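Chain and residue survey
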Amino acid sequence: MEDHGLSGAQVARGFHDDVVAPLLARAFPGLRYAAGRLGSGSDVLGLDDVMSRDHDWGCRLTLLIDEPDRNAVPRISRLLERELPERYRRFPVRFPVTWNPSVSHNVEVATVADFVASRLGIDPIGGLSALDWLVLTGQSVLEVTAGPVFTDQTSTLARVRTMLRWYPPDLERYVLAAGWRRLSQQLPMVGRAADRGDAFGSRLVSVGLVHDLISLAFALSRQWPPYAKWRGTAFQALPIAAELNGLLDTATTNPDWREREGALADACEALLDVQRALGLPAPASAVTPFFDRPYRTVDQAVQDALLADITTPEVAALPTGIGSIEQWADSVDVLSSPGRRKAVQTAYLAWIELHRTGR
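Starting afresh in each chain, residues are numbered from 1 along the sequence in its written order. Totals for whole chains, interfaces and linings use every residue, but because this is a predicted model, local features are given only for residues with pLDDT of at least 70 and side-chain atom pairs only at 80 or more, for both listing and counting. Based on all heavy atoms of the structure, the side-chain values leave hydrogens and waters out of the count.

**A short note on the nonpolar core**
One recurring pattern in soluble globular proteins is that nonpolar side chains are buried together. Only buried residues count toward a nonpolar core. Its members are Ala, Val, Leu, Ile, Met, Phe, Trp, Tyr and Cys residues joined through side-chain atoms within 4.5 Å. A 1.4 Å probe rolled over the protein chains alone gives each residue an accessible area, and that area as a share of the maximum for its type sets the label: buried under 20%, exposed over 50%, partly exposed in between. Counting 78 residues, the largest nonpolar core has Leu164, Trp180, Phe235, Leu244 and Leu271 as its most contacted members. Throughout, a contact is declared for two residues whenever any of their heavy atoms are within 4.5 Å. For Leu271, the contacting residues outside a window of four places in its chain are Trp180, Leu213, Leu216, Ala217, Leu220, Ile240 and Leu244. Leu23, Phe28, Leu31 and Ile65 belong to the second-largest nonpolar core, a separate cluster that totals 32 residues.

**Observations regarding the environment of Val149**
In this fold, Val149 is placed in strand S7 (residues 149–152). Residue classification places Val149 among the partly exposed residues on the basis of a relative accessible area of 27%. Taking the C-alpha atoms as reference points, Val149 and Arg37, 112 residues apart in sequence, are found 6.5 Å from one another. Sequence-distant contacts of Val149, defined by excluding residues within four places in its chain, comprise Ala35, Gly36, Leu38, Leu157 and Arg161. Where helices and strands are cited, they refer to DSSP runs of H or I of at least four residues and of E of at least two residues respectively, numbered from the N terminus.

**Regarding the packing of helix H7 (residues 169–195) against helix H12 (residues 300–308)**
Axis definition: a line fitted to C-alpha atoms, over the contacting stretch in the case of helices. Angles run 0 to 180 degrees between N-to-C directions. Where H7 meets H12, the closest approach of the two axes is 9 Å, and the angle between their N-to-C directions is 165°. Considering the angle they form, H7 stands roughly antiparallel to H12. In this structure, the crossing between H7 and H12 has a hand that is left-handed. Between H7 and H12, the residues in contact are Arg173, Tyr174, Leu176, Ala177, Trp180, Arg181 and Ser184 and Val302, Gln303, Leu306 and Leu307, respectively. The residue classification treats Ala, Val, Leu, Ile, Met, Phe, Trp, Tyr, Cys and Pro as nonpolar and Asp, Glu, Lys and Arg as charged. All others, Gly included, are polar. Considered class by class, the residues forming the contact of H7 with H12 number 7 nonpolar, 2 polar and 2 charged. Each angle receives one of four descriptions, namely roughly parallel if under 35 degrees, roughly antiparallel if over 145, roughly perpendicular if within 65 to 115, and oblique otherwise. By the definition used in this description, the sense in which the near helix is turned from the far one sets the handedness, with an anticlockwise turn below a right angle giving left-handed and a clockwise turn giving right-handed.

**A look at the side chain of Arg60**
Of note, Arg60 is situated in strand S2 (residues 60–65). Under the counting rule used here, the positive set is Lys and Arg, the negative set is Asp and Glu, and His together with the chain ends is not counted. Any carboxyl oxygen of Asp or Glu within 4 Å of a side-chain nitrogen of Lys or Arg constitutes a salt bridge here. One buried charge, Arg60, has no salt-bridge partner; the nearest side chain with opposite charge is Asp43, at 5.0 Å. There is a polar contact of 3.3 Å between the side chain of Arg60 and the side chain of Ser40. Those residues in contact with Arg60 that sit more than four places away from it in its chain are Ala12, Arg37, Ser40, Gly41, Phe95, Trp99 and Asn106. Residues adjacent in sequence count toward polar contacts only when both atoms are side-chain atoms; beyond that, a polar contact is any pair of N or O atoms within 3.5 Å, and within protein one must be able to donate a hydrogen and the other to accept it.

**What to know about the packing of aromatic side chains**
Between rings of Phe, Tyr and Trp, where Trp is taken as its six-membered ring, a pair exists when centres lie within 6.5 Å; planes separated by under 30 degrees are stacked, by over 60 edge-to-face, and by other angles tilted. Taken as a whole and assessed by the stated rule, the structure comprises 11 aromatic pairs. Ring centres of Trp257 and Tyr295 lie 5.8 Å apart, and the angle between their planes is 65°; this geometry places the pair in the edge-to-face category. Of the two residues, Trp257 sits in helix H11 (residues 257–277) while Tyr295 sits in the loop between strand S8 (287–289) and strand S9 (296–298), which places them 38 residues apart along the sequence. The residues Trp257 and Tyr295 share a single accessibility class, namely buried. Measuring from ring centre to ring centre gives 5.2 Å for Trp328 and Trp351, while their planes differ by 80°; the resulting arrangement is edge-to-face. Taken together, the residues Trp328 in the loop between helix H13 (313–316) and helix H14 (332–335) and Trp351 in helix H16 (residues 345–356) connect sequence positions 23 residues apart. Taking the relative accessible area as the measure of exposure, Trp328 reaches 36% and is therefore partly exposed. Members of the aromatic cluster, each reached through a chain of ring pairs, are Trp133, Trp166, Tyr167 and Trp224.

**Structural notes on the sheet that holds strand S1 (residues 33–36)**
Should DSSP find at least two bridges between two strands, the strands are taken to pair. Strand order in the open sheet formed by 5 strands is S5-S6-S2-S1-S7, and the pairing between neighbours is mixed. Each end of this open sheet is capped by a strand with a single partner; those strands are strand S5 (94–97) and S7. Looking at each pair of strands side by side, their axes are set apart by 35° on average, direction ignored. Two elements, S5 and strand S6 (residues 100–111), share 3 bridges in a ladder whose sense is antiparallel.

**A few points about the pattern of salt bridges**
As enumerated under the stated definition, the model contains 15 salt bridges in all. For the salt bridge of Arg222 with Glu172, the shortest nitrogen-to-oxygen distance reads 2.6 Å. In this pair, Arg222 sits in the loop between helix H8 (199–220) and helix H9 (228–236) while Glu172 sits in helix H7, placing the two residues 50 residues apart along the sequence. Residue classification places Glu172 among the buried positions, given a relative accessible area of 3%. A salt bridge links Arg182 to Asp212; the shortest N-O distance between them is 3.2 Å. Of the two residues, Arg182 sits in helix H7 while Asp212 sits in helix H8, which places them 30 residues apart along the sequence.

**Thoughts on the pairing of S6**
Sheet topology places S2 next to S6; 6 bridges connect them, and they run parallel. Looking across to S6, one finds that Thr62 is bridged to Glu108.

**Observations regarding the packing of H8 against H9**
Across the interface, H8 lies against H9 with an axial gap of 11 Å and an inter-helix angle of 55°. As the angle between them shows, H8 and H9 are arranged oblique. Once H8 is placed against H9, the crossing between them reads as left-handed. Each of His211, Ile214, Ala217 and Phe218 in H8 lies in contact with H9, whose residues at this interface are Arg231, Ala234 and Phe235. A breakdown of the residues in the contact of H8 with H9 according to their chemical character gives 5 nonpolar, 1 polar and 1 charged.

Geometric values such as these leave the question of function open.
Dropping the structure here:
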């Protein structure tokens, strides 16, 4: 394939196979390592295009080793700095990136634990607590699990990637319940705002509900959502997307609030069907009248059935309705920072205490 047609992952694979692997084989024979295109970047998700090449794109690679070989990390880094060529094919090997303006190579070398902690904010090697899971974002997990791995002789990388595929069952129920609760709180406002003469406000509520429905579609598909730029693209790959697309289009564009509410309600029913097909608890229908007003909402029974099915004490102690960090926070400066996400566990601990004492 001509260079101009290569994806970032293809460049990384060739760079490893043709340049980096031979260097390591000569200097560190017998070294057990993993190499892949992991971390940040559209090419990790397989979504890079010509425009993606204008920054942070090209000869990027992640080299990972197990903890017992930690002392080799600086030695490998020095080898690469000394021995890597200036170019691979027509691509520069040393170039600045948005987080490092120096002209240097972009082969990240780390232990598996250190690399994963740099993305998640926590070290998952010994397992994750409920609060650890709740401060993960879909994008942070995908930076560990989505990219191609070209070789792996480590004892830990594949295990970590497998563990991070999806929430444990009771945490899944907790997150799903919070997703349904968010829908129940906003769905009646579509009609109420319109009846007060606020057509624009009604449409804003509808758009917010579409966002929540898409988040719930990812959760019920057991797929981590990427960050906002690629969320719509990734949504289209979900099995449920074909059924939801027309409904969500109506919910965002139709001028009649009743049509929008009906489409939103139908989308809720479609997602409840998916939940039922997964063997998760689900009542007969998702949507019910909103008291005696002429609007609809999500039946409380949907979230109650999920929460009643939780048996893990650590998860049962969590305050209902809050869910994961992405279900209540949208600050990019928080969600994109592993350290800030980790710090949010303090808030969860305070909420658990308030929940325990009935406050």
